[in-house]
Amino acid sequence: MSDEIDQILQQIGELPPLPQAAQKALALIRDPKSSMGQVARVLSMDQVMTSLVLRWVNSAYYGLPNPVSTVQQAIMYLGQNTVQSLILAASVANMLYRPLPGYDLARGDLWRHAIGVANGARLILSNIDPKSAEEAYHAGLLCDIGKLALEVLLRNTDTEDPQFQDRHFSELEASLCGYDHAYLGGEMARRWNLPTPLVTAISFHHKPSQAGESIRLASAVHVADAAMMIFGIGIGRDGLRYPCDPVAFEMLGIREAQLEDLFDRMSNVVHAAEELFGMIQA
Ligand SMILES: [Fe+2]
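Residues numbered from 1 in each chain as written. Predicted model: local features only at pLDDT ≥ 70, side-chain atom pairs only at ≥ 80, totals over all residues. Heavy atoms only, no water.

Engineer: Could you clarify how one ought to interpret the overall build of the protein in this entry?
Structural biologist: The number of helices and strands found in the protein is 15 helices and 0 strands. Computed over the C-alpha atoms, the radius of gyration of the protein is 18 Å, within 12% of the 19 Å expected from 2.2 N^0.38 for a compact globule of 282 residues. Dimensions of the protein, computed from C-alpha atoms along their principal axes, come out at roughly 60 × 40 × 35 Å. Across the 282 residues in the protein, those meeting the buried criterion constitute 55%. Taking the contacts inside the protein whose residues are at least 6 apart along the sequence as the reference set, 69% of them involve residues at least 24 apart. With the model as given, the accessible surface of the protein reaches about 12700 Å², and the carbon-plus-sulfur share is 50%. Treating the 21 positive side-chain charges of the protein as one cloud and the 32 negative ones as another, the clouds have centres 7 Å apart. (Helix = DSSP H or I, 4+ residues; strand = E, 2+ residues; numbered from the N terminus. Rg over C-alpha atoms; globule rule 2.2 N^0.38 Å. Buried < 20%, exposed > 50% of the residue type's maximum accessible area, 1.4 Å probe, protein only. Contact = heavy atoms within 4.5 Å. Areas by Shrake-Rupley, 256 points an atom, 1.4 Å probe, with all protein chains shown as cover. Lys, Arg positive; Asp, Glu negative; His and termini not counted. Charge placed at Lys NZ, Arg CZ, Asp CG, Glu CD.)

Engineer: Is there a simple way to explain the coordination of the iron ion in this structure?
Structural biologist: Each pair of donors in an ideal four-coordinate tetrahedral metal site encloses 109.5 degrees, whereas pairs in an ideal six-coordinate octahedral site enclose 90 or 180 degrees. Around the iron ion, the protein supplies Asp-144 (OD), His-181 (NE2), His-205 (NE2) and His-206 (NE2) as donor atoms, at distances of 2.2 Å. Donor residues for the iron ion sit on one chain with the sequence pattern D-x36-H-x23-H-H. Residue His-181 is located in helix α11 (residues 181-191), and its partner His-206 is located in the loop between α12 (196-203) and α13 (215-230); the two are separated by 25 residues in the primary sequence. (Donors = N, O, S within 2.8 Å, 3.2 Å for Na, K, Ca; no water.)

Engineer: Would you explain the packing of aromatic side chains in this entry?
Structural biologist: In this description, a pair of aromatic rings is defined by centroid distance and the angle of the planes. For the coordinates displayed, the defined rule picks out 9 aromatic pairs. Taking the centre distance of 3.5 Å and the plane angle of 5 degrees together, the rings of Tyr-97 and Phe-277 count as stacked. Taken together, the positions of Tyr-97 in helix α6 (residues 80-97) and Phe-277 in helix α15 (residues 259-281) put the pair 180 residues apart, joining distant regions of the chain. Residues Tyr-97 and Phe-277 agree in their burial class; the two are buried. Clustering of aromatic rings is evident, with ring pairs tying together Trp-56, Tyr-61, Tyr-62 and Tyr-77. In this arrangement the basic side chain of Lys-147 is found over the ring face of Tyr-103, its NZ or CZ atom lying 5.0 Å from the centre. (Phe/Tyr/Trp six-rings, centres within 6.5 Å; stacked < 30°, edge-to-face > 60°. Lys NZ or Arg CZ within 6 Å of the ring centre and 35° of its normal.)

Engineer: Sorry, what's going on with helix α3 (residues 36-44) here?
Structural biologist: Those residues of α3 that fall on the buried side of the exposure criterion are Val-39, Ala-40, Val-42 and Leu-43. With its buried residues spanning 160 degrees around the axis, α3 presents them on a single face. In α3, the exposed residues that point more than 90 degrees away from the buried face are Arg-41 and Ser-44. (Arc of directions from axis to C-beta.)

Engineer: Any chance you could explain the pattern of salt bridges here in plain terms?
Structural biologist: Note that side chains of opposite charge can pair when their charged atoms are close. A full pass over the atoms with the stated rule returns 10 salt bridges. The salt bridge partner of Glu-134 is Arg-122, with a shortest N-O separation of 2.6 Å. Residue Glu-134 is found in helix α8 (residues 133-142), and its partner Arg-122 is found in helix α7 (residues 109-128); the two are separated by 12 residues along the sequence. Here Glu-134 and Arg-122 have matching classes, each one buried. Put simply, Arg-155 and Glu-151 hold a salt bridge, and the shortest N to O gap is 2.5 Å. Of this pair, Arg-155 and Glu-151 both sit in helix α9 (residues 146-155), separated by 4 residues, roughly a single helical turn. The class of Glu-151 is buried, set by a relative accessible area of 2%. (Salt bridge = Lys/Arg side-chain N within 4 Å of Asp/Glu carboxyl O.)

Engineer: Looking at this model, I keep getting lost on α12. Mind explaining?
Structural biologist: One turn of an α-helix holds 3.6 residues; hence residues three or four places apart share an orientation. For α12, the tally of buried residues reaches 6 of 8 residues, placing the bulk of the element in the interior. What α12 keeps buried is the set Leu-198, Val-199, Thr-200, Ala-201, Ile-202 and Ser-203. Buried residues along α12 sit against α8, α11 and α13.

Engineer: Is there a simple way to think about the environment of Lys-147 in this case?
Structural biologist: Position of Lys-147 relative to the elements: it lies in helix α9. Owing to a relative accessible area of 1%, Lys-147 belongs among the buried residues under this scheme. With 33 residues separating them in the primary sequence, Lys-147 and Asp-180 have C-alpha atoms 8.7 Å apart. Once residues within four sequence positions are removed from consideration, Lys-147 is found in contact with Leu-100, Tyr-103, Leu-110, His-181 and Asp-238.

Engineer: What should I look at first to understand the state of the cysteines in this one?
Structural biologist: Linking two cysteines covalently via their sulfur atoms produces the bond known as a disulfide. Scanning the entire structure with this criterion turns up 0 disulfides. Distance from the sulfur of Cys-143, which forms no disulfide, to the nearest cysteine sulfur (Cys-244) is 14 Å. For Cys-143, a relative accessible area of 1% gives the class buried. The cysteine Cys-177 is free of any disulfide, with Cys-143 supplying the nearest cysteine sulfur at 17 Å. (Disulfide = S-S within 2.5 Å.)

Printed below as a string of structure tokens:
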């Protein structure tokens with residue numbers, strides 16, 4: 001099956017390499033002994049990232065009364081995990097900012113959606129399972145990377161065709177290449193050597209009840225994703241056919257009626273996503 005997926009990824013689109021800075025950030029994330037000093041060292045080797053972290057901590061989003069001028073201060077204020085996640089987001093920003101015409105997603109739509117889901121998933125787990133909150137951010141950020149590969153096939157597919165009408169969008173995707181974007185995204189993450197719980201959460205973010213030991217992580221991404229879809233951020237062609245998995249809501253003790261409140265708490269960062277992308281490009 002691995003060979004078959006390699007072939008699919010080769011046929012339908014090149015697997016984008018994981019940028020170097022993201023590899024370094026993820027190596028630190030994977031290392032439970034990584035220290036604030038190591039993060040500062042990785043940053044100091046990369047002027048672009050240093051400048052991004054400083055501009056982000058001094059942005060209107062945080063509204064600090066006094067400017068922060070050193071990387072060490074920025075890490076102290078934001079926290080090591082947030083800085084690592086910021087590096088990861090910056091590293092994949094160009095990949096996620098692309099337009100995906102096959103999904104009716106304009107330039108920037110997938111990026112805003114990813115930032116929202118990442119923050120929402122982190123917010124959800126920060127109360128229930130704080131140790132996994134940052135991992136939820138990573139899973140949320142990368143949950144839809146499979147769309148980068150699948151969208152080429154969707155460009156020439158009439159998704160309104162009666163044969164697809166009563167099917168979930170993931171079934172439609174699977175009918176095109178055998179797998180939906182969630183599973184393909186998980187396989188891309190596996191080829192980037194990302195940790196297994198992260199791969200599983202990406203693969204099952206639409207069916208968290210099948211995520212085994214990663215059920216909580218996948219559920220947090222699913223619920224945050226649902227909130228973004230319901231409030232119309234990055235819905236594209238598939239959003240209107242997004243089936244909510246009740247198991248995810250039960251697992252996290254969240255009712256669907258609470259999604260509005262969750263979205264309210266996420267909306268600040270969704271609005272700041274554009275500002276963040278501008279800083280990454282500057
Ligand atoms: Fe998805």
